[in-house]
Amino acid sequence: MFAFIIRRILQAVVVMLVISLMGFAIKNNIGDPVRDLVGERVTPAERAKMADDMGLNDPFLIQYLRFIGHAVKGDLGRSFLYNKPNLEVISQHAPATIELLMGTALIIVLISLPLGVQSALQPKSKLARFTMSFSTLGISMPVFLTAILLIYVFAVHLQILPSFGRGETVDLFGNGYWNTGFLTRDGLEHLILPCLSLSSIMLPLFIRLIRSEMMEVLETEYIKYAWAKGLSPARVWMVHAFKNTLLPVVTVFGVQMGITFAFTILTELVFQWQGMGFMFLEAVQRADISLLIAYLVVVASVFVLVNTVVDIVYGFINPTVRIVGTR
Amino acid sequence: MKKKLQKFKESYFLYSFKRDKVAMTSFIVLVLFLIIALTAPWISPMDPYDDHNIDIMNSEIPPMWMDGGSSEFILGTDNMGRDMLSTMFYGLRTSIIIGLGAVSLQAVLGVVLGLTAGYMGAKTDAILMRIADIQFSFPYLMVAIFIGAMFQVVFGVGLYEQLAVPLLVIIIGVSNWPMFARTIRASVMGEKHKEYVEAARVIGLPRLTIMFRHVLPNSLTSVMVIFTIQVGSAVQSEAALSFLGLGMPVTRPSLGSLIRAGQEYIFSGSWWITIFPGLLLVIFVLVISLLGDWLRDVLNPKLYKG
């Protein structure tokens, strides 16, 4: 087990090194840190001197090692677009995205659990059939189209919900980093449409997953035994069957939230949501390479970290993973 | 040839196709879409790329059946005065070209790497599959968006828009190859210990011949299934990239960039500019995914479950 953990961590470090190397190579070849720092109004001679002072004429490998050294200390360079350290820019935009994901997760849990269980228990009922055909349609629907439709119906036509921005937010810790929309009515109203559209991608998948897992469990021997004991249907379904469908569902849930993260970029664009995705698109438009690379490094490390932790936890729960991982 | 046709007529494949109404409808719709895409320049009411046909006075005309609609523009016009139906036909064409191109690239990468990994085994297999695993741990849309963003920064917006079609093919192709590679590898692993491969090895055929002439044809069912499914997801990725402004420019629109262009006009009530292309995209993806599901059930290959 110890060897497995070490191997897994080593692999994560290697992946991060490769990603940062790619990021640095791009930055090194097309970015211009001098311009990022002083803008266009400085003479070429002064620029050349600055480039030399900053070590931009050193060999690639030395510059890369310096980049890694800074990165480990939490310095990922400066953004010329915001004129602030990159990490600060990203951490100021992160809460908006995280709240979007939290709201989405909540909606997914609240809707997919009852619908999935219902369609497993009564697969031939009208509601179950409607759910299933609706989820087939939902998979084919791109998230931005769902978002546009929701805006058209609820914001343009009915005019009951706001269509862009985060609304009124409250500064959670009083230092300007985490402005939450969860505490005001206005903020919550602004969350509804973005979260609904974001959850529309994952809902079909979860309803189907819960349904098939539950149906599988309902066929097992111990459920038959529970029926034979004369337990009430509610007890058999909820305590015996439902509890055992949860483990695979929770596992998939973790993975899928990672995928949902990619779709936040699309959602944030439609709703002008000031999160990381919106910041990313702005950085692309203004060619702020330094910020783009910082974003790449931050997002990649979050993914690598989560994957590594999940794998290690899995190694504890399910010993066969360790053997597969060895190869 | 005749014999083959006869054999096909009696096959289980055709039998189950005829019995499945969903599969048949999807297939008919798909063929219709492909015909539209192929013949777009001839069947469109007007050429939306030609400036002579565009009259700004015609902008934002609603569909024919609504107040203010005209029979000249069946589905209305967009903000630039282009006929919606024509731009949608051309958009579908662009989307399908990019989708097919990207999946072909994925298939080539996936078949070569998957076959090599599966057949060689040992070190080669471990290294290739590790790379696939690592890429798999990031959502492919995220990878695609990032590569697209980098390309746009490197090439500049102007050049990027000029080269949009080949670039999108590369972006979507590269970002989603592991799916193919893993599927092929899985089916090669199943094939390679069978007698016919042993036999081929015993008569001393070279490795490449065995791989491509003997093992590959027997893994083709999974390629077919995965190809269908991937076209749907490639078209969706293309739409997403175009919607973000990292894809086709509005002057040569795909379905995604049409939706992007029409997005702001829903606030003034001109819903048709964005909803109609969106609907076309949804139907296309839906039909492909229904067909893919059916193919998977009928052919029942060993697929990698992601």
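Note that the structure is predicted; figures quoted are calculated from it, not measured.

Conventions and cut-offs
Residues numbered from 1 in each chain as written. Chains lettered and ligands numbered in written order. Predicted model: local features only at pLDDT ≥ 70, side-chain atom pairs only at ≥ 80, totals over all residues. Heavy atoms only, no water. Helix = DSSP H or I, 4+ residues; strand = E, 2+ residues; numbered from the N terminus. Buried < 20%, exposed > 50% of the residue type's maximum accessible area, 1.4 Å probe, protein only. Contact = heavy atoms within 4.5 Å. Areas by Shrake-Rupley, 256 points an atom, 1.4 Å probe, with all protein chains shown as cover. Buried area = accessible area lost by both parts, 1.4 Å probe. Salt bridge = Lys/Arg side-chain N within 4 Å of Asp/Glu carboxyl O. Polar contact = N/O pair within 3.5 Å; in protein donor to acceptor, adjacent residues only side chain to side chain. Nonpolar A, V, L, I, M, F, W, Y, C, P; charged D, E, K, R; others polar. Phe/Tyr/Trp six-rings, centres within 6.5 Å; stacked < 30°, edge-to-face > 60°. Patch = residues over 30% accessible without salt bridge, like charges linked within 9 Å, V, L, I, M, F, W, Y side chains within 5 Å. Axes fitted to C-alpha atoms, helices over the stretch in contact; angles between N-to-C directions. Parallel < 35°, antiparallel > 145°, perpendicular 65-115°, else oblique. Left-handed = near helix turned anticlockwise from the far one by under 90°.

Student: Just to check I follow, could you spell out the overall build of chain A for this structure?
Tutor: Broken down by element type, chain A carries 13 helices and four strands. For chain A, the spread of C-alpha atoms along the principal axes amounts to about 90 × 60 × 40 Å. For chain A, the residues scored as buried account for 43% of the 327 residues in total. Long-range pairs, those at least 24 residues apart, make up 69% of the contacts in chain A between residues at least 6 apart in sequence. A total of about 16,900 Å² of accessible surface is found on chain A, and carbon and sulfur atoms cover 68% of it.

Student: I keep staring at the interface of chain B and chain A and nothing clicks. Help me out?
Tutor: How big an interface is tends to be reported as the loss of accessible area on association of its parts. Counting from both sides, the interface comprises 40 residues of chain B and, opposite them, 44 residues of chain A. Taken together, the two surfaces of chain B and chain A that pack against each other cover about 3,600 Å², and 81% of this comes from carbon and sulfur. Inspection of the region where chain B meets chain A yields zero salt bridges. Summed over the shared surface of chain B and chain A, the number is two residue pairs in polar contact (both at pLDDT 80 or more). Listing elements by their share of the side of chain B that touches chain A, those giving two or more residues are helix H5 (122-136), helix H6 (140-162), helix H11 (220-243), helix H12 (255-262) and helix H13 (272-299) of chain B. Of the residues assigned to the side of chain B that touches chain A, the class counts are 28 nonpolar, eight polar and four charged.

Student: Where do I start with unusual backbone geometry in this structure?
Tutor: When glycine is set aside, most residues are seen to have a negative phi, and most peptide bonds are trans. All names here are of chain A. With a phi close to 55°, glutamine 159 is a non-glycine residue in the positive phi region. Within the fold, glutamine 159 resides in the loop between helix H7 (143-157) and strand S3 (170-171). Here glutamine 159 falls in the exposed class, since its relative accessible area comes to 62%. The backbone phi angle of alanine 287 is positive, close to 55°, even though this residue is not glycine. Structurally, alanine 287 can be placed in the loop between helix H11 (276-285) and helix H12 (289-317). Using a relative accessible area of 26% as the deciding quantity, one classes alanine 287 as partly exposed.

Student: Please clarify how the packing of aromatic side chains should be interpreted in this entry.
Tutor: Geometrically, a pair of aromatic rings is defined through the distance of the ring centres and the angle of the planes. Applying the stated criterion to the full structure yields 15 aromatic pairs over all chains. Every member of this aromatic cluster is reached through a ring pair, and the members are A:Phe24, A:Tyr64 and A:Phe67.

Student: Just checking my understanding: could you explain a nonpolar patch on the surface for this structure?
Tutor: On the surface, A:Ile30, B:Val154, B:Phe155, B:Leu159 and B:Leu163 cluster together to form a nonpolar patch covering roughly 360 Å² of accessible area. Considering each element in turn, the nonpolar patch owes the most residues, three residues, to H6(B). Along the chain, A:Ile30 falls in helix H1 (residues 2-30). Looking at A:Ile30, the relative accessible area reads 33%, which means it is partly exposed.

Student: Looking at this structure, how should I read H11(A)?
Tutor: An α-helical turn contains 3.6 residues, so any two residues separated by three or four positions project in the same direction. Burial analysis of H11(A) places eight of its ten residues in the buried class, the great majority of the element. Burial in H11(A) covers these residues: A:Met276, A:Gly277, A:Phe278, A:Met279, A:Phe280, A:Leu281, A:Ala283 and A:Val284.

Student: Just checking my understanding: could you explain the side chain of B:Ser233 for this structure?
Tutor: Residues and elements named next belong to chain B. Along the chain, the position of serine 233 falls in helix H11. Overall, the relative accessible area of 15% leaves serine 233 in the buried class. Among all residues touching serine 233, those that are not within four sequence positions of it are Tyr140 and Asn176.

Student: Mind showing me how you'd approach the side chain of B:Asp125 here?
Tutor: Residue and element names in this part refer to chain B. Along the chain, the position of aspartate 125 falls in helix H5. Residue classification places aspartate 125 among the buried residues on the basis of a relative accessible area of 7%. Aside from chain neighbours lying at most four places away, what touches aspartate 125 is Ala117, Gly118, Arg185 and Met189.

Student: Teacher, can you tell me more about the packing of H1(A) against helix H4 (residues 60-72) of chain A here?
Tutor: A packed helix pair is summarised by two numbers, namely the angle formed by the two axes and the spacing between the axes. Residue and element names in this part refer to chain A. One can describe the packing of H1 onto H4 by two numbers: an axis separation of 10 Å at closest approach and a directional angle of 120°. By the criterion of interaxial angle, the relationship of H1 to H4 is oblique. Seen from above, H1 lies across H4 with right-handed handedness. Between H1, through Leu17, Ser20, Leu21, Phe24, Ala25, Lys27 and Asn28, and H4, the contact on the second element is made entirely by Phe60, Gln63, Tyr64, Phe67 and Ile68. Along the lines of polarity and charge, the residues of the contact of H1 with H4 split into eight nonpolar, three polar and one charged.

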